[in-house]
Amino acid sequence: MAATSGIGVSPELTKAFSDAVETRNVRFIKVTIQDESLVSVASLPVAGSLNEDLVQLQEYLEDKEPCYILARLDDPPSEWLAISYVPDFANVRDKTLYASTRSSLTKSLGSTIFVDSLFATDKADLTPDAYEAHKRHQAAPKPLSAREQEMADIKAAEREAGNSYEGSNARKNHIGQGVGLSWSSEAVNAVKGLVSQNDSRIVVLKIEPSTESLELDYFADVTVDNLSSSIPSNEPSYVFYAWTNSYSQTGGDVVFIYSCPTASPVRYRMLYSSAVMSTYLAVKDFLAETGSTFLLAAKRIEISDRLNSI
(Lines give C-alpha, C1' and ligand atoms only; values in the text may rest on other atoms or scores of the structure.)
Protein backbone atom coordinates (compact mmCIF):
# COMPACT_ATOMS: atom_id res chain seq x y z
CA MET A 1 0.00 0.00 0.00
CA ALA A 2 1.05 3.60 -0.51
CA ALA A 3 2.07 5.82 2.35
CA THR A 4 -0.94 6.87 4.40
CA SER A 5 -1.38 9.97 6.54
CA GLY A 6 -2.37 8.17 9.75
CA ILE A 7 -5.43 10.40 10.04
CA GLY A 8 -8.51 8.62 11.40
CA VAL A 9 -12.26 9.06 11.36
CA SER A 10 -13.70 11.02 14.28
CA PRO A 11 -16.41 9.42 16.46
CA GLU A 12 -18.78 12.21 15.39
CA LEU A 13 -18.32 11.37 11.70
CA THR A 14 -18.79 7.67 12.38
CA LYS A 15 -22.08 8.37 14.15
CA ALA A 16 -23.25 10.86 11.52
CA PHE A 17 -22.62 8.40 8.70
CA SER A 18 -24.17 5.50 10.61
CA ASP A 19 -27.30 7.56 11.23
CA ALA A 20 -27.42 8.63 7.58
CA VAL A 21 -27.17 5.03 6.39
CA GLU A 22 -29.97 4.00 8.72
CA THR A 23 -32.42 6.87 8.16
CA ARG A 24 -31.80 7.21 4.40
CA ASN A 25 -32.78 10.88 4.47
CA VAL A 26 -29.27 12.34 3.97
CA ARG A 27 -27.96 12.85 0.43
CA PHE A 28 -24.48 14.31 1.04
CA ILE A 29 -22.03 14.45 3.92
CA LYS A 30 -19.11 16.84 3.48
CA VAL A 31 -15.95 15.66 5.22
CA THR A 32 -12.76 17.63 5.87
CA ILE A 33 -9.54 17.08 7.77
CA GLN A 34 -9.36 19.13 10.96
CA ASP A 35 -6.90 18.72 13.84
CA GLU A 36 -5.56 15.46 12.40
CA SER A 37 -9.04 13.92 12.18
CA LEU A 38 -11.74 13.36 9.57
CA VAL A 39 -14.84 15.29 10.56
CA SER A 40 -18.28 15.99 9.14
CA VAL A 41 -18.75 19.71 8.47
CA ALA A 42 -22.06 19.71 6.58
CA SER A 43 -24.86 17.44 5.44
CA LEU A 44 -27.57 17.90 2.83
CA PRO A 45 -30.91 16.09 2.93
CA VAL A 46 -32.37 14.08 0.08
CA ALA A 47 -34.54 16.54 -1.84
CA GLY A 48 -34.84 14.94 -5.27
CA SER A 49 -32.81 12.58 -7.40
CA LEU A 50 -29.02 12.49 -7.05
CA ASN A 51 -28.65 14.52 -10.25
CA GLU A 52 -31.04 17.15 -8.94
CA ASP A 53 -29.32 17.30 -5.57
CA LEU A 54 -25.89 17.71 -7.21
CA VAL A 55 -26.95 21.22 -8.20
CA GLN A 56 -27.29 22.11 -4.51
CA LEU A 57 -23.89 20.62 -3.72
CA GLN A 58 -22.04 23.29 -5.73
CA GLU A 59 -22.37 25.96 -3.03
CA TYR A 60 -20.65 23.68 -0.51
CA LEU A 61 -17.50 23.32 -2.65
CA GLU A 62 -14.59 25.76 -2.33
CA ASP A 63 -12.27 26.73 -5.18
CA LYS A 64 -9.08 26.05 -3.19
CA GLU A 65 -10.17 23.79 -0.33
CA PRO A 66 -10.20 19.99 -0.75
CA CYS A 67 -12.85 17.83 0.86
CA TYR A 68 -14.55 14.46 0.61
CA ILE A 69 -18.22 14.13 -0.27
CA LEU A 70 -20.11 11.00 0.75
CA ALA A 71 -23.09 10.74 -1.59
CA ARG A 72 -26.08 8.44 -1.27
CA LEU A 73 -27.09 6.79 -4.55
CA ASP A 74 -30.68 6.52 -5.77
CA ASP A 75 -30.88 2.86 -6.71
CA PRO A 76 -30.43 1.27 -4.32
CA PRO A 77 -30.36 3.97 -1.63
CA SER A 78 -28.33 1.71 0.63
CA GLU A 79 -25.24 2.22 -1.55
CA TRP A 80 -22.92 5.23 -1.53
CA LEU A 81 -20.52 7.08 -3.80
CA ALA A 82 -17.20 8.34 -2.39
CA ILE A 83 -16.11 11.63 -3.96
CA SER A 84 -12.60 13.05 -3.54
CA TYR A 85 -12.68 16.74 -4.36
CA VAL A 86 -9.12 18.10 -4.62
CA PRO A 87 -9.09 21.36 -6.62
CA ASP A 88 -6.15 22.14 -8.89
CA PHE A 89 -5.67 25.41 -6.99
CA ALA A 90 -5.35 23.77 -3.56
CA ASN A 91 -1.92 23.99 -1.96
CA VAL A 92 0.47 21.08 -2.39
CA ARG A 93 0.37 20.01 1.26
CA ASP A 94 -3.42 19.70 1.24
CA LYS A 95 -3.36 17.78 -2.04
CA THR A 96 -0.89 15.29 -0.62
CA LEU A 97 -2.76 15.00 2.69
CA TYR A 98 -6.15 14.34 1.10
CA ALA A 99 -4.70 11.91 -1.45
CA SER A 100 -3.02 9.83 1.27
CA THR A 101 -6.13 9.80 3.52
CA ARG A 102 -8.75 8.85 0.92
CA SER A 103 -8.59 5.09 1.40
CA SER A 104 -8.60 5.39 5.20
CA LEU A 105 -11.93 7.21 5.07
CA THR A 106 -13.84 4.58 3.11
CA LYS A 107 -12.21 1.64 4.88
CA SER A 108 -13.06 3.07 8.30
CA LEU A 109 -16.69 3.68 7.39
CA GLY A 110 -17.14 0.36 5.57
CA SER A 111 -15.71 -0.28 2.12
CA THR A 112 -18.62 -2.49 1.00
CA ILE A 113 -21.08 0.41 1.28
CA PHE A 114 -19.13 2.48 -1.25
CA VAL A 115 -19.81 0.90 -4.63
CA ASP A 116 -18.31 3.69 -6.73
CA SER A 117 -15.75 6.48 -6.41
CA LEU A 118 -15.17 9.72 -8.24
CA PHE A 119 -12.11 11.96 -8.33
CA ALA A 120 -12.83 15.65 -9.01
CA THR A 121 -10.44 18.57 -9.44
CA ASP A 122 -13.03 21.22 -10.32
CA LYS A 123 -16.64 22.07 -9.46
CA ALA A 124 -17.51 21.29 -13.07
CA ASP A 125 -16.61 17.64 -12.40
CA LEU A 126 -19.55 17.40 -9.98
CA THR A 127 -22.43 18.67 -12.09
CA PRO A 128 -25.35 16.45 -13.17
CA ASP A 129 -23.95 16.28 -16.72
CA ALA A 130 -20.50 15.34 -15.46
CA TYR A 131 -21.93 12.60 -13.25
CA GLU A 132 -23.99 11.19 -16.14
CA ALA A 133 -20.81 11.10 -18.23
CA HIS A 134 -19.07 9.28 -15.40
CA LYS A 135 -21.84 6.65 -15.25
CA ARG A 136 -21.75 6.16 -19.02
CA HIS A 137 -18.03 5.64 -18.85
CA GLN A 138 -18.43 3.11 -16.04
CA ALA A 139 -21.14 1.20 -17.91
CA ALA A 140 -19.44 1.22 -21.31
CA PRO A 141 -17.64 -1.95 -22.39
CA LYS A 142 -13.95 -1.52 -21.79
CA PRO A 143 -12.03 -1.48 -25.10
CA LEU A 144 -9.72 -4.44 -25.46
CA SER A 145 -6.12 -4.17 -26.55
CA ALA A 146 -4.77 -6.74 -28.99
CA ARG A 147 -3.32 -8.70 -26.06
CA GLU A 148 -6.58 -8.54 -24.07
CA GLN A 149 -8.54 -9.72 -27.10
CA GLU A 150 -6.11 -12.58 -27.54
CA MET A 151 -6.54 -13.54 -23.88
CA ALA A 152 -10.34 -13.36 -24.21
CA ASP A 153 -10.22 -15.64 -27.24
CA ILE A 154 -8.02 -18.12 -25.38
CA LYS A 155 -10.36 -18.20 -22.38
CA ALA A 156 -13.37 -18.66 -24.66
CA ALA A 157 -11.64 -21.56 -26.40
CA GLU A 158 -10.83 -23.12 -23.02
CA ARG A 159 -14.45 -22.94 -21.92
CA GLU A 160 -15.59 -24.60 -25.14
CA ALA A 161 -13.01 -27.31 -24.71
CA GLY A 162 -14.03 -27.90 -21.10
CA ASN A 163 -10.85 -26.38 -19.64
CA SER A 164 -8.68 -29.12 -21.09
CA TYR A 165 -5.13 -29.63 -19.93
CA GLU A 166 -3.77 -28.22 -23.19
CA GLY A 167 -5.95 -25.11 -22.86
CA SER A 168 -4.70 -24.42 -19.35
CA ASN A 169 -1.10 -24.67 -20.51
CA ALA A 170 -1.80 -22.31 -23.38
CA ARG A 171 -3.23 -19.73 -20.99
CA LYS A 172 -0.22 -19.99 -18.68
CA ASN A 173 2.14 -19.44 -21.61
CA HIS A 174 0.34 -16.30 -22.67
CA ILE A 175 0.27 -14.96 -19.13
CA GLY A 176 4.01 -15.33 -19.07
CA GLN A 177 4.26 -13.12 -22.17
CA GLY A 178 2.22 -10.25 -20.73
CA VAL A 179 -1.30 -9.56 -19.53
CA GLY A 180 -3.49 -6.55 -20.29
CA LEU A 181 -5.49 -5.45 -17.26
CA SER A 182 -8.77 -3.58 -17.01
CA TRP A 183 -8.55 -0.05 -15.59
CA SER A 184 -10.75 1.74 -13.07
CA SER A 185 -11.96 5.16 -14.22
CA GLU A 186 -10.23 6.71 -11.22
CA ALA A 187 -6.89 5.26 -12.32
CA VAL A 188 -7.36 6.48 -15.90
CA ASN A 189 -8.32 9.99 -14.79
CA ALA A 190 -5.34 10.19 -12.44
CA VAL A 191 -2.90 9.20 -15.21
CA LYS A 192 -4.38 11.81 -17.53
CA GLY A 193 -4.24 14.34 -14.70
CA LEU A 194 -0.49 13.82 -14.35
CA VAL A 195 0.15 16.40 -17.05
CA SER A 196 -2.72 18.82 -16.40
CA GLN A 197 -0.40 21.39 -14.80
CA ASN A 198 3.31 22.17 -14.46
CA ASP A 199 3.91 20.65 -11.02
CA SER A 200 5.74 17.34 -10.61
CA ARG A 201 3.13 14.70 -9.81
CA ILE A 202 3.03 11.04 -8.90
CA VAL A 203 0.46 8.34 -9.61
CA VAL A 204 0.79 4.99 -7.86
CA LEU A 205 -1.25 2.14 -9.28
CA LYS A 206 -1.90 -1.25 -7.74
CA ILE A 207 -3.48 -4.43 -9.09
CA GLU A 208 -6.64 -5.72 -7.44
CA PRO A 209 -5.96 -9.49 -7.64
CA SER A 210 -9.61 -10.52 -7.33
CA THR A 211 -10.63 -8.59 -10.45
CA GLU A 212 -7.25 -8.30 -12.19
CA SER A 213 -7.84 -4.58 -12.57
CA LEU A 214 -5.62 -1.56 -12.06
CA GLU A 215 -6.76 0.72 -9.23
CA LEU A 216 -5.53 4.15 -8.12
CA ASP A 217 -3.62 3.92 -4.85
CA TYR A 218 -2.06 7.37 -4.60
CA PHE A 219 -2.10 10.65 -6.56
CA ALA A 220 -0.34 13.81 -5.38
CA ASP A 221 2.14 16.57 -6.15
CA VAL A 222 5.55 15.27 -5.10
CA THR A 223 9.00 16.83 -5.44
CA VAL A 224 11.95 14.77 -6.65
CA ASP A 225 13.38 14.80 -3.13
CA ASN A 226 10.22 13.13 -1.78
CA LEU A 227 9.74 10.68 -4.65
CA SER A 228 11.43 7.71 -2.95
CA SER A 229 9.36 7.97 0.23
CA SER A 230 6.14 8.11 -1.82
CA ILE A 231 6.65 4.64 -3.30
CA PRO A 232 5.09 1.68 -1.41
CA SER A 233 7.73 -0.37 0.38
CA ASN A 234 5.86 -3.58 1.19
CA GLU A 235 4.19 -4.63 -2.07
CA PRO A 236 4.65 -4.19 -5.83
CA SER A 237 3.30 -1.14 -7.60
CA TYR A 238 3.42 0.78 -10.85
CA VAL A 239 4.56 4.36 -10.37
CA PHE A 240 4.24 7.11 -12.97
CA TYR A 241 6.03 10.33 -12.17
CA ALA A 242 5.50 13.53 -14.19
CA TRP A 243 8.84 15.24 -13.69
CA THR A 244 9.04 18.91 -14.59
CA ASN A 245 12.66 19.61 -15.50
CA SER A 246 14.85 21.82 -17.66
CA TYR A 247 16.68 18.89 -19.24
CA SER A 248 13.71 17.89 -21.36
CA GLN A 249 13.02 19.66 -24.64
CA THR A 250 9.29 19.60 -23.79
CA GLY A 251 9.71 20.89 -20.24
CA GLY A 252 9.14 17.56 -18.58
CA ASP A 253 8.83 13.79 -18.86
CA VAL A 254 6.69 11.04 -17.42
CA VAL A 255 8.85 8.32 -15.92
CA PHE A 256 7.58 4.77 -15.36
CA ILE A 257 8.92 3.04 -12.24
CA TYR A 258 8.09 -0.61 -11.59
CA SER A 259 8.65 -1.27 -7.90
CA CYS A 260 8.78 -4.86 -6.65
CA PRO A 261 10.10 -5.14 -3.07
CA THR A 262 12.02 -8.33 -2.34
CA ALA A 263 9.62 -9.17 0.51
CA SER A 264 6.59 -9.23 -1.82
CA PRO A 265 4.66 -12.52 -2.07
CA VAL A 266 5.70 -14.57 -5.09
CA ARG A 267 2.21 -14.57 -6.62
CA TYR A 268 2.12 -10.76 -6.54
CA ARG A 269 5.53 -10.53 -8.16
CA MET A 270 4.38 -12.80 -10.98
CA LEU A 271 1.14 -10.88 -11.49
CA TYR A 272 2.81 -7.47 -11.62
CA SER A 273 5.74 -8.54 -13.78
CA SER A 274 3.41 -10.09 -16.37
CA ALA A 275 1.53 -6.80 -16.86
CA VAL A 276 4.42 -4.32 -16.96
CA MET A 277 4.47 -3.88 -20.74
CA SER A 278 0.69 -3.66 -21.23
CA THR A 279 0.46 -1.06 -18.44
CA TYR A 280 3.27 0.99 -19.97
CA LEU A 281 1.60 0.96 -23.40
CA ALA A 282 -1.81 1.84 -21.95
CA VAL A 283 -0.40 4.88 -20.14
CA LYS A 284 1.37 5.94 -23.32
CA ASP A 285 -2.01 5.96 -25.10
CA PHE A 286 -3.77 7.80 -22.24
CA LEU A 287 -1.13 10.55 -22.24
CA ALA A 288 -1.36 10.89 -26.01
CA GLU A 289 -5.11 11.51 -25.66
CA THR A 290 -4.45 14.52 -23.41
CA GLY A 291 -2.43 16.32 -26.09
CA SER A 292 0.27 17.11 -23.54
CA THR A 293 3.85 17.79 -24.65
CA PHE A 294 5.08 15.60 -21.79
CA LEU A 295 6.21 12.26 -23.19
CA LEU A 296 6.40 8.88 -21.49
CA ALA A 297 10.09 8.11 -21.21
CA ALA A 298 11.19 5.14 -23.30
CA LYS A 299 13.44 3.84 -20.53
CA ARG A 300 11.60 2.11 -17.68
CA ILE A 301 13.01 1.88 -14.17
CA GLU A 302 12.72 -1.27 -12.07
CA ILE A 303 13.51 -1.18 -8.35
CA SER A 304 13.26 -3.57 -5.42
CA ASP A 305 14.26 -1.26 -2.56
CA ARG A 306 12.84 2.26 -2.70
CA LEU A 307 15.28 3.68 -0.16
CA ASN A 308 18.42 2.84 -2.11
CA SER A 309 17.29 2.50 -5.71
CA ILE A 310 16.23 6.07 -6.52
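Computed from a prediction, not measured in an experiment: that's the story for all the values here.

1. What to know about the overall build of the protein
Piece 1. A count of helical and extended segments in the protein gives 10 helices and 13 strands.
Piece 2. When each of the 310 residues of the protein is scored for burial, the buried share is 45%.
Piece 3. By sequence separation, contacts in the protein at least 24 residues apart represent 64% of the contacts at least 6 residues apart.
Piece 4. Surface accessibility of the protein: about 15,600 Å² in total, with carbon and sulfur atoms responsible for 51%.

2. Considering the pattern of salt bridges
Pairing between side chains of opposite charge can happen when their charged atoms approach one another.
Piece 1. Considering all chains together, one arrives at 12 salt bridges under this definition.
Piece 2. Between Lys192 and Glu289 there is a salt bridge, and its shortest N-O distance comes to 2.9 Å. Taken together, the residues Lys192 in helix 7 (residues 185-193) and Glu289 in helix 9 (residues 276-290) connect sequence positions 97 residues apart.
Piece 3. Overall, Lys192 belongs to the partly exposed group, its relative accessible area being 28%.
Piece 4. Shared partners join several salt bridges into a network, and the residues in it are Asp88, Lys95, Arg201 and Asp221.

3. A look at the pairing of strand 2 (residues 26-34)
Piece 1. In terms of residue burial, strand 2 counts as a mostly covered element, since eight of its nine residues are buried.
Piece 2. If you look at the hairpin formed by strand 2 and strand 3 (residues 37-45), you'll find two residues sitting between the two strands, and Asp35 has a positive phi there, around 50°.
Piece 3. Two strands pair when backbone bridges link them, and strand 2 and strand 4 (residues 67-72) are joined in this way by four bridges, in the antiparallel orientation. In the sheet register, Val31 faces strand 4, and the bridge partner there is Tyr68.

4. Focus: the sheet that holds strand 1 (residues 8-9)
Piece 1. The mixed open sheet is built from six strands, whose spatial order is 1-3-2-4-5-6. In the strand order of this sheet, the two ends are held by strand 1 and strand 6 (114-120), each with one partner.
Piece 2. Together, strand 1, strand 2, strand 3, strand 4, strand 5 (80-85) and strand 6 form the strand contacts of helix 3 (residues 92-109), whose direction differs from that of strand 4 by roughly 30°.
Piece 3. Those strands touched by helix 4 (residues 128-139) are strand 5 and strand 6, and its axis lies near 125° from that of strand 6.

5. Here we look at empty space enclosed by the protein
Over the atoms rolls a probe the size of a water molecule, and in doing so it shows where empty space is left.
Piece 1. Tallying each qualifying case throughout the model produces four cavities of 30 Å³ or more.
Piece 2. Approximately 90 Å³ is the volume attributed to the largest cavity.
Piece 3. Every residue lining the largest cavity is listed: Val86, Pro87, Asp88, Lys95, Phe119, Thr121, Arg201, Phe219, Ala220 and Asp221.
Piece 4. Residue contributions to the lining of the largest cavity peak at three residues, all from strand 9 (residues 213-221).
Piece 5. Taken together, the residues of the lining of the largest cavity sort by class into five nonpolar, one polar and four charged.

6. Some details on helix 7
Piece 1. The element helix 7 is extensively covered by neighbouring structure, given that seven of its nine residues are classed as buried.
Piece 2. Residues of helix 7 that are buried: Ser185, Glu186, Ala187, Val188, Ala190, Val191 and Gly193.

7. Points about the side chain of Thr279
Piece 1. For Thr279, the position within the fold is in helix 9.
Piece 2. Excluding anything up to four places from it in sequence, Thr279 contacts Trp183, Leu214, Tyr238 and Phe240.

8. Description of the nonpolar core
Piece 1. Among the nonpolar cores identified, the biggest contains 53 residues, and Trp183, Leu205 and Tyr238 are the most heavily contacted of them.
Piece 2. The next biggest cluster of nonpolar side chains, apart from the first, holds 17 residues, and it includes Leu50, Leu54, Ala120 and Tyr131.

9. Comments concerning the layout of surface pockets
Piece 1. Roughly 710 Å³ of internal volume is contained in the second largest pocket.
Piece 2. Lining the second largest pocket are 25 residues, with Arg102, Thr106, Ser117, Glu186 and Glu215 positioned closest to its centre.
Piece 3. Among the secondary structure elements, those contributing two or more residues to the lining of the second largest pocket are strand 4, strand 5, helix 3, strand 6, helix 7, strand 8 (201-208) and strand 9.
Piece 4. At five residues, the largest contribution of residues to the lining of the second largest pocket is made by helix 3.
Piece 5. Partitioned by chemical class, the residues of the lining of the second largest pocket number nine nonpolar, eight polar and eight charged.

10. A look at unusual backbone geometry
Piece 1. Each neighbour pair has its own omega, and for Asp75 with Pro76 the value is 0°, a cis peptide bond.
Piece 2. Counting through the fold element by element, Pro76 comes out in the loop between strand 4 and strand 5.
Piece 3. Here the phi dihedral of Arg24 falls at roughly 60°; this positive angle occurs in a residue that is not glycine.
Piece 4. Relative to the elements of secondary structure, Arg24 occurs in the loop between helix 1 (11-23) and strand 2.
Piece 5. On the basis of relative accessible area, Arg24 is assigned to the partly exposed category, the value being 45%.
Piece 6. The phi dihedral of Asp35 falls on the positive side, at around 50°, and the residue is not glycine.

Cut-offs and rules
- Residues numbered from 1 in each chain as written.
- Predicted model: local features only at pLDDT ≥ 70, side-chain atom pairs only at ≥ 80, totals over all residues.
- Heavy atoms only, no water.
- Helix = DSSP H or I, 4+ residues; strand = E, 2+ residues; numbered from the N terminus.
- Buried < 20%, exposed > 50% of the residue type's maximum accessible area, 1.4 Å probe, protein only.
- Contact = heavy atoms within 4.5 Å.
- Areas by Shrake-Rupley, 256 points an atom, 1.4 Å probe, with all protein chains shown as cover.
- Salt bridge = Lys/Arg side-chain N within 4 Å of Asp/Glu carboxyl O.
- Pairing = 2+ DSSP bridges.
- Axes fitted to C-alpha atoms, helices over the stretch in contact; angles between N-to-C directions.
- 1 Å grid on protein atoms, 1.4 Å probe; cavity = no way out; pocket = protein on both sides within 12 Å on 5 of 7 lines; lining within 4 Å.
- Points joined across faces, edges and corners; volume = space filled by probe spheres on them.
- Nonpolar A, V, L, I, M, F, W, Y, C, P; charged D, E, K, R; others polar.
- Core = buried A, V, L, I, M, F, W, Y, C linked by side-chain atoms within 4.5 Å.

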